[in-house]
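Results of the structural survey
What follows is the residue order along each chain.
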Amino acid sequence: MPSNDTNYAYVRGEILPLESASLHISDLSIQRGFGVFDYFKVEANHPLFLNDYLARFRESARLMTMQLPHTDEQLREIIHELITRNNMPLSGMKMILTGGYSENSYDLAEPSLLIMQQPLAMPGPETLGKGIKIITHEYIREIPRAKTINYTMGIRLIGEVKSKAASDVLYHLNGAVSEFPRCNLFVVHQDGTVMTPDSGILLGVTRKNVLALAEKKYPVREGSVTLYDIMQAKEVFLTSTTKRILPIVQVDDTVIGEGVPGPVTQTLLQDLILLEEVDRKLQKQL
Ligand SMILES: Cc1ncc(COP(=O)(O)O)c(C=O)c1O
């Protein structure tokens with residue numbers, strides 16, 4: 001149980017109760033939608049795979065011509081302070097870096113750094129047991145390697161996803177698929193090769209972990225994946241920090257394989273859960 005009812009967040013140098021954590025309206029995130037973020041999971045009060053998320057956060061800032069004002073050590077200190085104060089053993093932690101309080105609502109200023117912790121719900125056994133349906137949409141993110149705060153297309157498509165009784169939407173361009181608004185894609189080819197796109201995507205931390213696990217058991221290929229590959233696939237699944245691995249059993253009107261989660265998907269999910277445990281134990285020893 002939380003030690004208190006207050007959730008704390010870090011905002012521009014201060015740790016504050018969430019209800020008083022706010023930005024001025026001149027911030028470039030509000031004025032121009034300019035900012036980057038990252039998001040990692042906290043399990044049993046341990047931030048999982050934190051080095052990878054900190055490195056990606058810094059890289060996203062660099063790609064957007066911003067510089068993170070803190071060292072990794074300073075970020076870790078803030079993160080651990082929030083974990084202690086909030087006491088939310090299973091949660092998500094979001095770090096956001098925006099363009100700052102702009103004088104003229106356009107030029108970059110000293111960036112605003114925010115860090116907040118939120119409750120997290122992982123997919124339940126029913127979703128994992130049945131798998132999900134997805135739809136496809138022609139689109140590619142503007143700066144795919146940066147985790148920007150711009151989710152305009154994904155949010156615009158929520159209504160269409162729901163109206164087609166789907167759970168998510170996969171982006172593609174000229175026949176090549178890339179990613180979901182918030183997840184990466186994997187395909188198990190008829191010959192057993194585990195494939196995942198390598199361009200037009202955010203380099204997901206879960207994707208990296210799943211690739212490393214898959215390489216131990218299956219042939220693996222990072223490269224172009226087409227809509228045709230998906231429709232012909234034995235198995236399809238998505239990966240992300242909040243979902244781990246989620247089986248996909250239908251893409252638009254096409255049923256994938258037998259229409260049920262496949263063995264490679266299920267094996268990799270179990271391997272990923274074990275890898276998270278290893279990371280947690282490793283951090284306990286530090
Ligand atoms: C655009 C995009 N692709 C992929 C992912 C999955 O990345 P990760 O596994 O690090 O959560 C995310 C995560 O939010 C994302 O925003």
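To be clear, the structure that these remarks concern was listed above.
Residues numbered from 1 in each chain as written. Predicted model: local features only at pLDDT ≥ 70, side-chain atom pairs only at ≥ 80, totals over all residues. Heavy atoms only, no water.

1. Some remarks on the overall build of the protein chain
Along its length, the protein chain carries nine helices and 15 strands. Computed over C-alpha atoms, the radius of gyration of the protein chain comes to 20 Å, within 12% of the 19 Å expected from 2.2 N^0.38 for 286 residues, which places it in the range of a compact globule. Across the 286 residues that make up the protein chain, the buried fraction comes to 49%. A separation of at least 24 residues holds for 70% of the contacts in the protein chain among residues at least 6 apart in sequence. Total accessible area on the protein chain stands at roughly 14,100 Å², and carbon and sulfur atoms take up 53% of it. (Helix = DSSP H or I, 4+ residues; strand = E, 2+ residues; numbered from the N terminus. Rg over C-alpha atoms; globule rule 2.2 N^0.38 Å. Buried < 20%, exposed > 50% of the residue type's maximum accessible area, 1.4 Å probe, protein only. Contact = heavy atoms within 4.5 Å. Areas by Shrake-Rupley, 256 points an atom, 1.4 Å probe, with all protein chains shown as cover.)

2. Side note on the packing of helix H2 (residues 50-63) against helix H3 (residues 72-86)
Look at H2 against H3: their axes get within 11 Å of each other, and the N-to-C directions meet at 120 degrees. Viewed along their axes, H2 and H3 adopt a mutual orientation that is oblique. As H2 runs across H3, the sense of the crossing is right-handed. Listed contacts from H3 to Leu50, Asn51, Leu54 and Arg58 of H2 are Asp72, Leu75, Arg76 and Ile79. Partitioning the contact of H2 with H3 into residue classes produces four nonpolar, one polar and three charged. (Axes fitted to C-alpha atoms, helices over the stretch in contact; angles between N-to-C directions. Parallel < 35°, antiparallel > 145°, perpendicular 65-115°, else oblique. Left-handed = near helix turned anticlockwise from the far one by under 90°. Nonpolar A, V, L, I, M, F, W, Y, C, P; charged D, E, K, R; others polar.)

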